[in-house]
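Understanding the architecture of this molecule
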Amino acid sequence: MPDPLADAANLPPLHGARRALAIGWVAVVTALYLGVRVFGLFLVP
Amino acid sequence: MRGPAELAALLLAGLLPSLACVGLGAWLLRPLRLRAAGSEALAQAFVLGAGVASLAILGLRSLGVPIPLGACAAAALAGWPALRRAARDAPRAAAPAPRRTRAVDAAALVLAALTFLAALGPETYWDGFEYHLPIAGAWSRGPIRALPGWLDAELRAGVDLLYVPALGAGQPDAAAAVTACFAASLAALLRAEVSRRVSPGAGSLAACFALAVPLTVQSAASTYVDLGVGAHGFLALLLADRWTRSGDPRHLTASALCAGFAANDKLHAAAILPAALAIAALGGRPPGARALLRGAGIAAAVALPWLVKEGVTTGNPFFPLFGGWLGFGPFDARHVQLRALRLGTDYPLPRDAAGLATYLVSLTFGRNVYSGGLIGPLPLAFGVLAIRRTTRAAAVLGATLAALFLAQAWSMPALRFATPLVPFLALPAAVGGARLARSGRSGLLAAALALAATGSLHLARLGIDYLPRIAALRDPRAYERAVFPDQDALRQLVARGRGVVAIPMGAAAWMDRPVYLLHWERNGELFFDRVRGQYTPPDEALALLRRRGVGSLVIDVAPGARAPGELGQPTVDAWLRAGAARVRDDAPRLPARGGREWVLVDLVESN
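Residues numbered from 1 in each chain as written. Chains lettered and ligands numbered in written order. Predicted model: local features only at pLDDT ≥ 70, side-chain atom pairs only at ≥ 80, totals over all residues.

Looking now at the overall build of chain B. Across its full length, chain B holds 26 helices and 6 strands. Over its C-alpha atoms chain B spans a radius of gyration of 25 Å, differing by no more than 12% from the 25 Å that the globule rule assigns to 607 residues. Over its C-alpha atoms, taken along the principal directions, chain B stretches across nearly 80 × 55 × 50 Å. The buried share of chain B, reckoned over its 607 residues, is 53%. (Helix = DSSP H or I, 4+ residues; strand = E, 2+ residues; numbered from the N terminus. Rg over C-alpha atoms; globule rule 2.2 N^0.38 Å. Buried ≥ 20, exposed ≤ 12 C-beta atoms within 10 Å, placed from the backbone.)

In structure tokens, the structure reads:
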């Protein structure tokens, strides 16, 4: 069984809804991080 | 103000100990036959050499042998032939790296250089000036010995010993350069690992982020030892994982060596050895009995000098472990137990499933000074995109790291204690990020935007932290005054005290004369203030301080009028009433933190 963590080429690219979901996830996580660090947004201690 | 000659001396005192580590480690690359090239080989040489140099300093300073910078230069030069041979034997790249990758590498080099220069600034990081530098300083002025009232000196100090050459040369500001080199080494090791698993471009980006991520910036310019622990521990675990993937026994040998070095660096890193063993044994390729015995023997041999040192200075080779059977030496068992509890308070939530989940979220989105947001968003944003059914080796590695991480989060939630584990987050982040970047134009754009936004923020933080320190290289005292005006005021009063001066806590390394820290966590023998029902009676406290040579105290008190002969500190007030101490009215009351003020108190000589 190929190990995706040993070689990223073992992971297929994302398409369609999965790609949209991944892009949304990355955007939300990054935006929240910026919100906490730049604007002092309080989510957790 | 430093002139060009003094700046050059500072730079040399920063460079030579680290170059000596590279020189010593270069001789290990060949017998260990670690096939590495370029920056990875240099990083491996530095990390291995730092472990060897630390043990050499432990041995030599125990005998009182000085470690001048000239000896460091000689060790560095002695390693040159081995480095050249390693470069000659190293595997060659199939093709030169693309221009974009080289540009990112250049950026990583600039970040490493900025880190190094910032580390040459004065020590203004709390644990650094409170005990790391003072302990190494005591062992540079005299032989390695028991240091009464310094509990941290007994909890292993392998990285601290690397500060001895700079301190011995009268250049305390150069000591932290070693930490900066550990940061650069971790970045180089990650660059190589990500290059192998993803691509050279991703590896170079990983190196940049490793240097700029808040967790690194928080420690790399200071004498905090966590990046050193991280480098030894990370390499030990990484090499154990490489054994399961390749079956090459030399990786087991090197892993055991690094695990031993990690245990010498800080006590809690002794957990790296069983973790490395679990990865090697359960990953699908169990090593034979002979390989296991060899690894155990190497780790034990590396750890032995510190066991001997602890046996000599505390009577308990495993101090403070097994203290119930083997004793706590000159230290109070209650202090050691309370200290273990105190470490758990760095994250203020209960130890249950909800608290742990919040802690994990906090690593990305939190604002807790010890853990909040310190890993940045990329492990969470990109890492989940790498999740897929995987091999047994990867599963065992992940499970072992998770178990270690849970133990750390439970007992010592400050993230700097997890530095051997955190670099592994870069691997799924790089794999997931590469997957997104390969997922069409929109995926590439999303990955690039996330990297750009995060990178900009990290760089801004790095600039805010590092640039004032680099600008302060010519006038470090002015920088110290600006960062901690209360500690500068404390320094002024300590200079007017008598004998050893007792202070509540703080910048012991800044003080012009010996100080005794009254904070229970540091001294391990005195509860000057009441802590969870523990309190040392005034008579006992006075006798202990006199035994430590204390002639004066500088304590912080609330300003304003109060009854004559009272300062509001119960122990000192009892001494004042009994005539065992007197307030020095000739000394000014200088501002301390929180609107309080420093007061100088002399102990009255007993007849």
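Resuming the write-up.
We now examine the overall build of chain A. A count of helices and strands for chain A gives 1 helix and 0 strands. Counting the 45 residues in chain A, one finds 29% classified as buried.

Many analyses report the size of an interface as the accessible area lost when the parts associate. Residues and elements named next belong to chain B. If you check the domain split of chain B, you get domain 1 (4-86 + 103-467) and domain 2 (484-603). Each of domain 1 and domain 2 was reduced to a C-alpha centroid, and the two centroids are 36 Å apart. At the interface, 22 residues of domain 1 touch 18 residues of domain 2. Counting residues per element, the ones that place at least two in the side of domain 1 that touches domain 2 are α6 (126-141) and α16 (333-343). (Domains from an automatic or database assignment. Contact = placed C-beta atoms within 7 Å.)

Take Leu292(B): it is sitting in helix α14 (residues 289-314). The sequence separation of Leu292(B) and Ala271(B) amounts to 21 residues, and the corresponding C-alpha distance is 17 Å.

On to the environment of Arg474(B). Residue and element names in this part refer to chain B. By secondary structure assignment, the location of Arg474 is in the loop between α21 (440-471) and α22 (476-483). Its 14 C-beta neighbours within 10 Å are what place Arg474 among the partly exposed residues. On a C-alpha basis, the gap between Arg474 and Arg367 in space is 33 Å, while along the polypeptide they are 107 residues apart. Not counting the four nearest positions on each side in its chain, Arg474 is found in contact with Met1 and Arg2.

Below, the discussion takes up the nonpolar core. By size, the foremost hydrophobic cluster in this structure holds 212 residues, and its most contacted members are Ala187(B) and Ala276(B). For this core, the domains that each give at least three residues are domain 1 (4-86 + 103-467) and domain 2 (484-603) of chain B. (Core = buried A, V, L, I, M, F, W, Y, C linked by C-beta atoms within 7 Å.)

To continue, consider the pairing of strand β1 (residues 500-503) of chain B. Residue and element names in this part refer to chain B. When β1 meets strand β3 (residues 550-557), the two strands line up parallel, connected through 3 bridges. Bridge pairing links Val501 to Ser552 in β3. Bridge count between β1 and strand β2 (residues 515-517): 3 bridges; the pairing is parallel. Residue pairing in the sheet places Ile503 in a bridge with Leu517 of β2. (Pairing = 2+ DSSP bridges.)

This next bit is on the packing of helix α12 (residues 249-265) of chain B against α14(B). Residue and element names in this part refer to chain B. Look at α12 against α14: their axes get within 8 Å of each other, and the N-to-C directions meet at 25 degrees. Relative to α14, the element α12 lies roughly parallel. Read as a crossing pair, α12 and α14 show a hand that is right-handed. For the pair formed by α12 and α14, the contact residues are Pro249, Leu252, Thr253, Ala256, Leu257, Ala259, Gly260, Phe261, Ala263 and Asn264 on the first element and Ala291, Arg294, Gly295, Ile298, Ala299, Val302, Ala303 and Trp306 on the second. (Axes fitted to C-alpha atoms, helices over the stretch in contact; angles between N-to-C directions. Parallel < 35°, antiparallel > 145°, perpendicular 65-115°, else oblique. Left-handed = near helix turned anticlockwise from the far one by under 90°.)

What follows covers the pairing of strand β6 (residues 597-603) of chain B. All names here are of chain B. Where burial is concerned, most of β6 is hidden: 5 out of the 7 residues are buried. Taken together, the 6 bridges between β3 and β6 define a ladder with antiparallel strand orientation. When the sheet's bridge partners are listed, Ser552 is paired in β6 with Asp602. Here strand β4 (residues 581-583) runs beside β6; their pairing, made up of 3 bridges, is antiparallel. Within β6, the position partnered with Ala581 by the bridge is Leu603. Where strand β5 (residues 590-591) and β6 come together, 2 bridges link them in antiparallel fashion. Following the sheet pairing, Pro591 is matched in β6 by Glu597. Where β5 folds back onto β6 in an antiparallel hairpin, the turn is made up of 5 residues, including Gly594, whose phi is positive at roughly 65 degrees.

Below, the discussion takes up α12(B). Relative to the 24 Å expected for 17 residues at 1.5 Å per residue, α12(B) spans 25 Å between its end C-alpha atoms, a close match to the ideal helical length. For α12(B), the buried fraction is high: 15 of the 17 residues fall into the buried class. (Expected span 1.5 Å × (residues − 1).)

The next thing to look at is the packing of helix α8 (residues 177-197) of chain B against helix α20 (residues 426-437) of chain B. Residue and element names in this part refer to chain B. The geometry of α8 relative to α20 is characterised by a closest axis approach of 10 Å and an angle of 40 degrees between their N-to-C directions. Comparing the axis directions of α8 and α20 gives the class oblique. For the crossing formed where α8 meets α20, the hand is right-handed. Residues Leu190, Glu193, Val194 and Arg197 of α8 lie in contact with α20, whose contacting residues are Ala426, Leu427, Ala430 and Val431. Partitioned by chemical class, the residues of the contact of α8 with α20 number 6 nonpolar, no polar and 2 charged. (Nonpolar A, V, L, I, M, F, W, Y, C, P; charged D, E, K, R; others polar.)

Now for α6(B). All names here are of chain B. Counted at 1.5 Å a residue, the expected span for α6 with its 16 residues is 22 Å, and the 22 Å between its end C-alpha atoms agrees. Leu133 marks the point of greatest bend in α6, at about 30 degrees, and the proline Pro134 comes within the next four residues. For α6, every residue scored as buried is listed here: Gly128, Phe129, Glu130, Tyr131, His132, Leu133, Pro134, Ile135, Ala136, Trp139 and Ser140. The secondary structure elements touched by the buried residues of α6 are α2 (38-62), α7 (164-168) and α24 (520-523). (Bend = angle between axes of the 7 residues up to and from the residue.)

Residues and elements named next belong to chain B. For the bond running from Phe319 to Pro320, omega is 0 degrees, close enough to zero to count as cis. Tracing the backbone through its elements, the reader meets Pro320 in the loop between α14 and α15 (323-326). Positive phi values are uncommon outside glycine, yet Arg33 reaches one of about 50 degrees. Its place among the elements puts Arg33 in the loop between α1 (4-32) and α2.

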